[in-house]
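Listed below, chain by chain, are the residues.
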Amino acid sequence: MSIDVADAQPKKVVELFTSQGCSSCPPADKLAERLVEEDNDVLTVLMPVDYWDYLGWKDTLASPVHSQRQRAYATRRGDRSVYTPQMVINGEEHVVGSRERDVRAALERADPFTAEVDLTISDMVVQADLDGQLPAGAKMATVYFLRIEDEATIDIGRGENAGRTIRYVNIVRNLQPIGVWEGGAETFRMPKSKLMLKGDARCAIIVQIEDRDGPGKIIGAAVMNLRDGA
């Protein structure tokens, strides 16, 4: 039985909420690409949203799940700030995704993770081993599994970006909860077949505080590159 082990345990997570129909988004998409290329202990992922589709171009990568997640963040923060391009750092602070100085400052301010995550994938099973502790006051965290597409180059036919060809990297194609963590050493397993990994370039685990108010602080992460055939 072959076993693949996580390539990295990022120390910070950046989610970019972006849209092919948003003329302000391409600079943020390029910044996300730079963050990915820097490989600086930051997991940067794109969460394309669908709420600008009515402007004349249906985003080919968007998911209503991403739009829902962005709104849930805003509801929890209590600021109603839902816009593109928006980067959310470690599930908490949000900044305009094209303002590089603000993004890097927010990354500097982000709290260190309190959960250690080991991700392994065998022929049959995806396994996440967690250890550590929840932040003070937190009762539980959701363990999410992310399927991530390496890149996509899209020719935009209509809308605000009509005529442009835009490259997107680290696109989240599925965000699936696989368990609830309450601190300490615990193992979470899912059948590999259920997670439909074939064809994806990489996958990740994120551990995120969550309660009735919605998703909050991200406290742990691990990433695995699948391009070698996991």
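That block above? That's the structure.
In short, a report on the structure. As the structure is a prediction and not an experimental result, all values here were calculated from the model.

Considering the side chain of Arg-202
Line of reasoning, step 1. Turning to its location among the elements, Arg-202 is positioned in strand β11 (residues 202-211).
Line of reasoning, step 2. Among the residues examined, Arg-202 registers a relative accessible area of 10% and is labelled buried.

A look at the environment of Ala-115
Line of reasoning, step 1. Among the secondary structure elements, Ala-115 is positioned in strand β6 (residues 115-122).
Line of reasoning, step 2. Between the C-alpha atom of Ala-115 and that of Ala-204, which follows or precedes it by 89 residues, the distance is 14 Å.
Line of reasoning, step 3. Filtering out sequence-adjacent residues up to four positions away, Ala-115 remains in contact with Asp-131, Trp-181, Ile-219 and Gly-220.

Details of the layout of surface pockets
Line of reasoning, step 1. As a volume, the largest pocket reaches approximately 440 Å³.
Line of reasoning, step 2. Lining the largest pocket are 22 residues, and of these Val-36, Asp-39, Asn-170, Arg-202 and Val-223 lie nearest its centre.
Line of reasoning, step 3. Of all the secondary structure elements, the ones that give two or more residues to the lining of the largest pocket are α1 (26-38), β3 (42-48), β8 (141-155), β9 (165-181) and β12 (214-225).
Line of reasoning, step 4. Residues belonging to the lining of the largest pocket are distributed by class as follows: eight nonpolar, four polar and 10 charged.
Line of reasoning, step 5. Considering only enclosed or pocket space, the second largest pocket measures out at about 250 Å³ in volume.
Line of reasoning, step 6. Around the second largest pocket, the lining is made up of 17 residues, and of these Arg-76, Ile-209, Asp-211, Gly-216 and Lys-217 lie nearest the centre.
Line of reasoning, step 7. When contributions to the lining of the second largest pocket are tallied by element, the ones reaching two or more residues are α2 (64-77), β11 and β12.
Line of reasoning, step 8. For the lining of the second largest pocket, a count of residues per class yields seven nonpolar, three polar and seven charged.

A short note on the packing of aromatic side chains
Line of reasoning, step 1. Following the criterion strictly, the structure yields three aromatic pairs and no others.
Line of reasoning, step 2. Consider the rings of Tyr-51 and Trp-52, whose centres lie 5.3 Å apart with planes at 65°: the pair is edge-to-face.
Line of reasoning, step 3. Using a relative accessible area of 15% as the deciding quantity, one classes Tyr-51 as buried.
Line of reasoning, step 4. Judged by its relative accessible area of 26%, Trp-52 is partly exposed.
Line of reasoning, step 5. Ring geometry for Trp-52 against Tyr-54: centres 6.3 Å apart, planes inclined by 40°, an arrangement best described as tilted.
Line of reasoning, step 6. Following the ring pairs from residue to residue traces out a cluster consisting of Tyr-51, Trp-52 and Tyr-54.

The rules behind these values
- Residues numbered from 1 in each chain as written.
- Predicted model: local features only at pLDDT ≥ 70, side-chain atom pairs only at ≥ 80, totals over all residues.
- Heavy atoms only, no water.
- Helix = DSSP H or I, 4+ residues; strand = E, 2+ residues; numbered from the N terminus.
- Buried < 20%, exposed > 50% of the residue type's maximum accessible area, 1.4 Å probe, protein only.
- Contact = heavy atoms within 4.5 Å.
- 1 Å grid on protein atoms, 1.4 Å probe; cavity = no way out; pocket = protein on both sides within 12 Å on 5 of 7 lines; lining within 4 Å.
- Points joined across faces, edges and corners; volume = space filled by probe spheres on them.
- Nonpolar A, V, L, I, M, F, W, Y, C, P; charged D, E, K, R; others polar.
- Phe/Tyr/Trp six-rings, centres within 6.5 Å; stacked < 30°, edge-to-face > 60°.

Remember, this is a structural readout, not a statement about activity or role.
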